[in-house]
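Coordinate analysis (summary)
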Amino acid sequence: MLNRILTCVLLALLAVPGTAAAQSKLNVVTTTEDLASLAREVGGDRITVEGIARGYQDPHFVEAKPSFILKLQKADLLIVVGRELEIGWLPPLIQQSRNAKVQVGAAGYLDASLGVRILEIPTGQITRAMGDVHPLGNPHYWMDPENGRLIAREIAGKLVEFRPADRTYFEQRLADFNTRLTAAMARWTAAMAPYKGMKVVTYHRSFPNFAERFGLDIVGYVEPRPGIPPSPSHTLELIQEMKRLGVKIVLVEPYFDLGTPNAIGRATGAQVLEMPPSVGGVKEAPDYFSLFDYDIALLAKAAKAAGLK
Ligand SMILES: [Zn+2]
């Protein structure tokens, strides 16, 4: 009898390590697939990561689903883009999750925008009542890989805070990510170098950080203001300006209607390209590196076709 009890205890003890390891994985939820990809780079197999918005959705306007609340209920750490990108859908989800760990200001709430380079910070009085969805500067900052580097560092710091015993693991993964990013940056910069100063128009203001890093000159937008749909008068002005400047490329995020961009393309002879500003925006871009691989190859091919050099 005693032997049997001892055997049971031993078996239970043997089963513990595996169970404990599975349970100790930090449960990370991110608002976007971009942040999920960066968290995976750093967290490896010590964390589980789930993104909320899909990369083919407009991150400003995500339809809230009950499943998102379930994700947040289980989360140890929530990573957000911030700068009010998610203000239209995230706050009620956080509230309804009733998870104290991920409420704004809690240790498990990480705003990835706090340590990065933010462009287009308004100087005058800007309110959302004016229709502007970028009241705190441009929130699409992850489109500069050097900001991606800073985001990864912030995430690593937070993971170490939660799991100090895994510090070496996270720091090694961060170092490895940085090495690969540096190599990729050299490749991307070289691919874009022949087209430095290339003039483009974009639908939404999703690419200022990308443009600054890779030498694009964004001369106009299909939207009159961020979050405001195109109007006939603005479109006409844009067509005239594009003709005057000889703009040959219009970049459209995958979630916008192509009607107006195609009309602009017909009027100006410009190519209209669907260019994802997020991981998961197209199936060829399942992670942070392949996103830039895809976008840069797309741009280089279009620039070549347009005879830009
Ligand atoms: Zn935006």
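Residues numbered from 1 in each chain as written. Predicted model: local features only at pLDDT ≥ 70, side-chain atom pairs only at ≥ 80, totals over all residues. Heavy atoms only, no water.

1. As for the side chain of Asp76
Residue position: Asp76 is located in the loop between helix H3 (66-74) and strand S3 (77-80). One polar contact links the side chain of Asp76 to the main-chain amide nitrogen of Asn27, over a distance of 2.7 Å. A polar contact is formed between the side chain of Asp76 and the side chain of Lys101, at a distance of 2.8 Å. Those residues in contact with Asp76, other than ones at most four positions away along the chain, are Lys25, Leu26, Asn27, Lys101, Val102, Gly108 and Phe162. (Helix = DSSP H or I, 4+ residues; strand = E, 2+ residues; numbered from the N terminus. Polar contact = N/O pair within 3.5 Å; in protein donor to acceptor, adjacent residues only side chain to side chain. Contact = heavy atoms within 4.5 Å.)

2. Describing the coordination of the zinc ion
Coordination of the zinc ion by the protein is provided by His60 (NE2), His134 (NE2), His140 (NE2) and His204 (NE2), with metal-donor distances spanning 1.9 to 2.0 Å. Considering all four donor atoms around the zinc ion, the spread of angles at the metal, 107 to 112°, places the coordination shape in the tetrahedral class. Of the residues examined, His134 reaches a relative accessible area of 4% and is grouped as buried. (Donors = N, O, S within 2.8 Å, 3.2 Å for Na, K, Ca; no water. Tetrahedral: all angles 85-135°; square planar, octahedral: opposite > 155°, others 65-115°. Buried < 20%, exposed > 50% of the residue type's maximum accessible area, 1.4 Å probe, protein only.)

3. Overview of the packing of helix H6 (residues 167-192) against helix H10 (residues 288-305)
Put simply, H6 and H10 touch, their axes get as near as 10 Å, and they point 5° apart. Classed by the angle they form, the pair H6 and H10 counts as roughly parallel. Across from Phe177, Arg180, Leu181, Ala184, Arg187, Trp188, Ala191 and Met192 in H6, the residues of H10 making contact are Tyr288, Phe289, Phe292, Asp293, Ile296, Leu299 and Ala300. In terms of residue class, the contact of H6 with H10 is built from twelve nonpolar, no polar and three charged. (Axes fitted to C-alpha atoms, helices over the stretch in contact; angles between N-to-C directions. Parallel < 35°, antiparallel > 145°, perpendicular 65-115°, else oblique. Nonpolar A, V, L, I, M, F, W, Y, C, P; charged D, E, K, R; others polar.)

4. Some details on the layout of surface pockets
Space inside the largest pocket adds up to approximately 210 Å³. Along the wall of the largest pocket there are 13 residues; nearest its centre are Glu84, Glu86, Ile87, Pro91 and Tyr109. If you list the elements that add at least two residues to the lining of the largest pocket, you get helix H4 (90-97) and strand S4 (109-111). By residue number, the principal contributor to the lining of the largest pocket is H4, which donates three residues. Looking at the lining of the largest pocket residue by residue, the classes come out as eight nonpolar, one polar and four charged. (1 Å grid on protein atoms, 1.4 Å probe; cavity = no way out; pocket = protein on both sides within 12 Å on 5 of 7 lines; lining within 4 Å. Points joined across faces, edges and corners; volume = space filled by probe spheres on them.)

5. Focus: the packing of H3 against H4
In contact at an axis separation of 8 Å, H3 and H4 are set at 55° when each is read in the N-to-C sense. Our classification of the angle between H3 and H4 gives oblique. Along this stretch, H3 crosses H4, giving a crossing that reads as right-handed. Two secondary-structure elements touch here, H3 through Phe68, Ile69, Leu72 and Gln73 and H4 through Leu90, Leu93, Ile94, Gln96 and Ser97. By residue class, the composition of the contact of H3 with H4 is six nonpolar, three polar and no charged. (Left-handed = near helix turned anticlockwise from the far one by under 90°.)

6. With respect to the side chain of His140
Counting through the fold element by element, His140 comes out in the loop between S4 and helix H5 (145-162). Judged by relative accessible area, His140 falls into the buried class, the value being 0%. Polar side-chain contacts of His140 include one of 3.3 Å to the side chain of His60. Residues within four places of His140 in sequence aside, it is in contact with Pro59, His60, Leu85, His134, His204, Arg205, Ser206 and Asn209.

7. Section: the packing of aromatic side chains
A full pass over the atoms with the stated rule returns eleven aromatic pairs. In this structure an aromatic cluster arises from ring pairing among Phe177, Trp188, Phe207, Phe210, Phe214, Tyr288, Phe289 and Phe292. Over the aromatic face of Tyr169 sits the side chain of Arg46, whose NZ or CZ is 3.8 Å from the ring centroid. (Phe/Tyr/Trp six-rings, centres within 6.5 Å; stacked < 30°, edge-to-face > 60°. Lys NZ or Arg CZ within 6 Å of the ring centre and 35° of its normal.)

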